[in-house]
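Each chain, written out:
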Amino acid sequence: MEGPQASPPSVGEGGPGSRREMELVGGCYEQILFGFAVRPGENWTPIPDFTHHAHTASLSAVAVNNRYVVTGSRDETIQIYDMKKKIEHGALLHHNGTITCLEFYGNAHLLSGAEDGLICIWDTKRWECLKSIKAHKGHVTSLSIHPSGKLALSVGTDKTLRTWNLVEGRSAFIKNLKQNAHIVKWSPSGEKYVVVVTNKVDVYKLETASVSGAITTEKRISSVRFITDSVLAIAGDDEVIRLYDCDSQKCLCEFKAHENRIKDIYSFEKQGLQVIVTASSDGYIKLWSLELDKIQDRPSLLCEVNTKARLTCLAVWLDRTSETKENPDNATTSSYGNRVNEDEQPLITRKKKVCWTDNSDKSAKGDRQVMLKKRKSEGAQQKKKMKL
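Residues numbered from 1 in each chain as written. Predicted model: local features only at pLDDT ≥ 70, side-chain atom pairs only at ≥ 80, totals over all residues. Heavy atoms only, no water.

Student: Looking at this model, I keep getting lost on the overall build of the protein. Mind explaining?
Tutor: Regarding its fold elements, the protein presents zero helices and 28 strands. The contacts of the protein with a sequence gap of at least 6 include a subset with a gap of at least 24, amounting to 49%. Of the roughly 16,500 Å² of accessible surface on the protein, 46% is carried by carbon and sulfur atoms. (Helix = DSSP H or I, 4+ residues; strand = E, 2+ residues; numbered from the N terminus. Contact = heavy atoms within 4.5 Å. Areas by Shrake-Rupley, 256 points an atom, 1.4 Å probe, with all protein chains shown as cover.)

Student: Could you clarify how one ought to interpret the pattern of salt bridges in this entry?
Tutor: Pairing between side chains of opposite charge can happen when their charged atoms approach one another. Counted according to the given criterion, the structure contains 15 salt bridges. Between K86 and D49 there is a salt bridge, with the nearest N and O atoms lying 3.1 Å from each other. With K86 in the loop between strand 6 (78–82) and strand 7 (87–92) and D49 in strand 3 (residues 47–53), this residue pair connects regions lying 37 residues apart in the sequence. Both residues of the pair, K86 and D49, belong to the buried class. One salt bridge connects D202 with K200, and the closest N-O pair in it is separated by 3.7 Å. A relative accessible area of 36% means that K200 is categorised as partly exposed. (Salt bridge = Lys/Arg side-chain N within 4 Å of Asp/Glu carboxyl O. Buried < 20%, exposed > 50% of the residue type's maximum accessible area, 1.4 Å probe, protein only.)

Student: Mind showing me how you'd approach the sheet that holds strand 7 here?
Tutor: Sheets are built from strands that pair by backbone hydrogen bonding, the pairs being arranged parallel or antiparallel. Sheet architecture is open: four strands sit in the order 4-5-6-7, paired in antiparallel fashion. Where the open sheet ends on each side, the last strands, each with one partner, are strand 4 (59–64) and strand 7. On average, each strand axis in the sheet is inclined to that of its neighbour by 20°, with strand direction left out of account. Where strand 4 meets strand 5 (residues 68–73), five bridges bridge the pair, whose relative direction is antiparallel. (Pairing = 2+ DSSP bridges. Axes fitted to C-alpha atoms, helices over the stretch in contact; angles between N-to-C directions.)

Student: For this particular structure, what's the right way to read the nonpolar core?
Tutor: Soluble globular proteins: nonpolar side chains tend toward being buried together. Of all hydrophobic cores here, the largest spans 35 residues; its most connected members are M22, L24, V69, V277 and I285. At the level of elements, strand 1 (22–28), strand 2 (32–38), strand 4, strand 24 (262–270), strand 25 (273–280), strand 26 (284–290), strand 27 (300–306) and strand 28 (311–318) are the ones that each hand at least two residues to this core. Looking at this core, the element that brings in the most residues is strand 28, giving seven residues. When neighbours within four sequence positions are excluded, V277 is seen to be in contact with L24, D264, I265, Y266, F268, I285, K286, L287, L314 and V316. Membership of the second largest hydrophobic core comes to 16 residues, among which are A63, I80, L102 and F104. (Core = buried A, V, L, I, M, F, W, Y, C linked by side-chain atoms within 4.5 Å.)

Student: Can you help me understand the packing of aromatic side chains in this one?
Tutor: Two descriptors summarise a pair of aromatic rings, namely the distance from one centre to the other and the angle between the planes of the rings. Inspection of every chain in the model, using the stated rule, returns five aromatic pairs. Ring centres 5.3 Å apart and planes at 80° place the aromatic pair Y68 and W127 in the edge-to-face group. Pair noted here: Y68 is in strand 5 and W127 is in the loop between strand 10 (118–123) and strand 11 (128–134), with a separation of 59 residues, a long-range link. Summarising the burial analysis for this pair, Y68 and W127 share the class buried. Each ring, one from Y193 and one from Y204, has its centre 5.0 Å from the other, and the planes form 5°; the classification is stacked. Here the residue Y193 occupies a position in strand 17 (residues 192–197), and Y204 occupies one in strand 18 (residues 200–205), the gap between them amounting to 11 residues. For the pair Y193 and Y204, a shared accessibility class is recorded, and that class is buried. An aromatic cluster is defined as three or more aromatic residues linked by ring pairs; in this entry it consists of W186, Y193 and Y204. Across from the ring centre of Y266, 4.2 Å away, lies the NZ or CZ of R225, which sits over that ring. The aromatic ring of Y284 is capped on one face by K286, whose charged end is 5.6 Å from the ring centroid. (Phe/Tyr/Trp six-rings, centres within 6.5 Å; stacked < 30°, edge-to-face > 60°. Lys NZ or Arg CZ within 6 Å of the ring centre and 35° of its normal.)

Student: Hey, could you run me through the side chain of S267 in this one?
Tutor: Inspection of the secondary structure assignment puts S267 in strand 24. According to the relative accessible area criterion, S267 is buried, its value standing at 0%. There is a polar contact of 3.4 Å between the side chain of S267 and the side chain of R225. (Polar contact = N/O pair within 3.5 Å; in protein donor to acceptor, adjacent residues only side chain to side chain.)

Student: Can you help me understand the environment of Y244 in this one?
Tutor: Relative to the assigned elements, Y244 resides in strand 22 (residues 240–245). Placed 10 residues apart in sequence, Y244 and E254 show a C-alpha to C-alpha distance of 8.9 Å. Every residue in contact with Y244, bar those within four places of it in the chain, is listed here: I215, T216, T217, S230, V231, L232, I234, Q249, K250, C251 and L252.

Student: Looking at this structure, how should I read the sheet that holds strand 2?
Tutor: What the four strands build is an open sheet, ordered 3-2-1-28; its pairing is antiparallel. Strands with a single pairing partner mark the edges of an open sheet, and in this sheet they are strand 3 and strand 28. With strand direction ignored, the average angle separating the axes of adjacent strands in the sheet is 20°. In terms of strand pairing, strand 1 meets strand 28 through seven bridges, oriented antiparallel. The residue of strand 28 that forms the bridge with E23 is W317.

Student: How do you make sense of unusual backbone geometry when you look at a structure like this?
Tutor: Excluding glycine, residues mostly have negative phi values, and the peptide bonds linking residues are mostly trans. Of note, K86 is a non-glycine position whose phi angle comes to about 55°, a positive value. Owing to a relative accessible area of 1%, K86 belongs among the buried residues under this scheme. Of note, W127 is a non-glycine position whose phi angle comes to about 55°, a positive value. Accessibility expressed as a relative area gives 2% for W127, which makes it buried.

In short, the description is geometric, and any link to function would need to be established separately.
Structure representation (structure tokens):
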């Protein structure tokens, strides 16, 4: 355990009636989910919007789409929050073991991975588990969905990198690795992907499925994020953010961002401004403005907020009613920055029979079982407000 031992901040003045163009969402060891409302423009000051005791153990993953924020924890549950209504929406209890990774594909699907070796595919309209597959013999450590929604990659503690065909519903390829990888991520175009093993990033080309280059850092890598298709941001067990060219593997820029190890990076584009968001064990969430045409220059600090907690994961919820173009690293945008229509290109092709090869998950839960927390009454707890 590292970082300050201070208690979480008190509730701020965000409120359900305030207009939020974007919300910084951070999870921590202290089981708290933080929300900070930010209005981009001249005033980027984060306003405390909510603090929610989300889990009974530390938070390990967070993901967002247009409407929902989902969090995963060491308590083996996935909690759902409706950001439009500012209420708890329920919990998914399918996994046994720490939830290690969560990723939305647009507005229709969520993929989750956990220490039980399972990858679950959820329908986010009904919050139904479409499929539960035994993806790895050990833990699932990371997963990433191709921008087309047709493929997914996963890595686990069985020293394998696995490719999943989401249209046919089967394993497409298995690559044995020399060591356990803990991060995998597609580029915005889907033409390349990176696999992280300890302090090394291997860059793969999709067409050859082979390593085209490698980036090595001194410390263990905790998070990577594609800023563009060729620029990769890397953070690790030190205070520095480094930007690398994936093609040449050269370091384009590095700068000290925090006073302690950096746990997560997020990025998005807003009003023509490229923004990098960082979260650290020092308790701070910081927003940085990056000029891509002057990428060698240190990014300028837009704002910062001290949560006084030991942060573990980070995401940014963006209000789609405002003119916002999300960073193409998000799987819901194509390589040209156009949002994929989920109704036209579903993650699971329902016309075809989906047959995941999964003989190990025949417990009473069943493949399609999803245990949303049932409210005792339709009124009170179903519409329970987050602590505002």
